[in-house]
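Coordinate inspection notes
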Amino acid sequence: MVIRKLEKTDLGERVAWMNNPQVFRTMHFTPPISLENTIDWFERNRSIHTRCDMAFEDENGHLVAMGGLTNIDYTTRKAEFYIFVNPSRQKEGIGTMSTKMLCKYGFEILKLHKIYLFTNNSNVGARKTYEKVGFKLEGIHRDEMIDKEKYDDRLYYGLLAGEFDHSDLKLELKGANRILLENYKLHDIDFLIVRDDLYPQFGGG
């Protein structure tokens, strides 16, 4: 699996997924989601450095998940996590792998200290995934949501950089591995060349 920045060409599939009950039932938005509004959202947010929206591809180049880190606070070095998987590709382990990769990106590339998320109490599959990756339940917002005409608790999970142990996981950044991960030396000075769309905390790079 590879991770890359969300692109405008992904938005048609994003809208289709977000309008699928398998996705919107557990996410904090209300359908219908329109392509026009999603394009507006994309254009407004693409240059904002307090969020990064990503896409995940399988080994065949098929789009299998989308996610991101939002509300990035570079002072406390924390961000809010979200992920959703192609409704036709659920229960294949894609959610677990994409969650691991996005967390690795957050901790290793953005140098975050904490990643947190919200999910519904009834979203048992997602909770198992987050706990498998290392997230810990930190709080419960009682009767915060309504799902199928029943109140549901909203759960707050957190993961600290020191708790995330996936050193064996290779971070595959599509089309950017070499320029992102190689150091260069010039006149005994070490340089790391970065892209500011993937390293937003640096500004121009």
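What counts and what doesn't
- Throughout this description, residue numbers start from 1 for each chain and increase along the sequence as written.
- Local features in this predicted model are restricted to residues whose pLDDT is 70 or higher, and side-chain atom pairs enter the listing and the counts only when it is 80 or higher, whereas totals over whole chains, interfaces and linings include all residues.
- For side-chain calculations, the full set of non-hydrogen atoms in the structure is used, while hydrogens and water are omitted.
- Only DSSP runs of H or I covering at least 4 residues are called helices, and only runs of E covering at least 2 are called strands; the numbering of each starts at the N terminus.
- Each residue is placed in one exposure class: buried if its accessible area under a 1.4 Å probe, protein chains only, is under 20% of its type's maximum, exposed if it is over 50%, and partly exposed if it falls in between.
- The contact definition used throughout considers only heavy atoms, calling two residues in contact when any of these lie within 4.5 Å.
- Accessible areas in this description were obtained via Shrake-Rupley with a 1.4 Å probe; residue shielding takes into account the shown protein chains only.
- Polar contact is the term for a pair of N or O atoms within 3.5 Å; when the atoms are in protein, one must be able to donate a hydrogen and the other to accept it, and sequence-neighboring residues count only if both atoms are side-chain atoms.
- Pairing of aromatic side chains requires ring centres within 6.5 Å, counting the rings of Phe and Tyr and the six-membered ring of Trp. Pairs whose planes differ by under 30 degrees are stacked, by over 60 edge-to-face, and all others tilted.
- Of all possible arcs, the one meant is that of the directions from the helix axis to the C-beta atoms.
- We define a nonpolar core as any set of buried Ala, Val, Leu, Ile, Met, Phe, Trp, Tyr and Cys residues linked to one another through side-chain atoms lying within 4.5 Å.

**Some thoughts on the overall build of the protein**
Secondary structure summary: the protein contains six helices and nine strands in total. Looking at the protein as a whole, 46% of its 205 residues are labelled buried. Counting only contacts in the protein whose residues sit at least 6 apart along the sequence, the fraction spanning at least 24 positions is 60%. As displayed, the protein offers around 11400 Å² of accessible surface, 50% of which is attributable to carbon and sulfur atoms.

**Notes on the environment of Glu138**
Tracing the sequence through the fold places Glu138 in strand E6 (residues 136–147). The spacing of Glu138 and Gly158 is 20 residues in sequence and 6.5 Å in space, taken between C-alpha atoms. A distance of 2.9 Å separates a polar atom in the side chain of Glu138 from a polar atom in the side chain of Lys114.

**Points about the packing of aromatic side chains**
If you walk through the whole model with that rule in mind, you get ten aromatic pairs. Members of the aromatic cluster, each reached through a chain of ring pairs, are Phe81, Tyr130, Phe135 and Tyr157.

**Observations concerning helix H5 (residues 124–133)**
At 3.6 residues per turn, the α-helix brings residues three or four places apart onto the same side. Ala126, Thr129, Tyr130 and Val133 are the residues of H5 that are buried. Buried residues along H5 cover an arc of 95° about the axis, so they all sit on one side. Exposed and facing more than 90 degrees away from the buried side of H5 are Lys128 and Lys132. Those residues of H5 hidden inside the fold are in contact with strand E4 (78–85), helix H4 (94–109), strand E5 (114–120) and strand E7 (150–160). A positive phi of about 130° marks Gly134, the residue just after H5.

**Points about the nonpolar core**
Ile3, Phe56, Leu69, Phe81, Leu102, Tyr105 and Phe135 are the most contacted members of the largest nonpolar core, which totals 34 residues. Looking at this core, the elements with two or more residues in it are strand E2 (52–57), strand E3 (63–73), E4, H4, E5, H5 and E7. The element best represented in this core is H4, accounting for seven residues. With 15 residues, the next largest nonpolar core counts Leu11, Val23, Ala55 and Phe84 among its residues.

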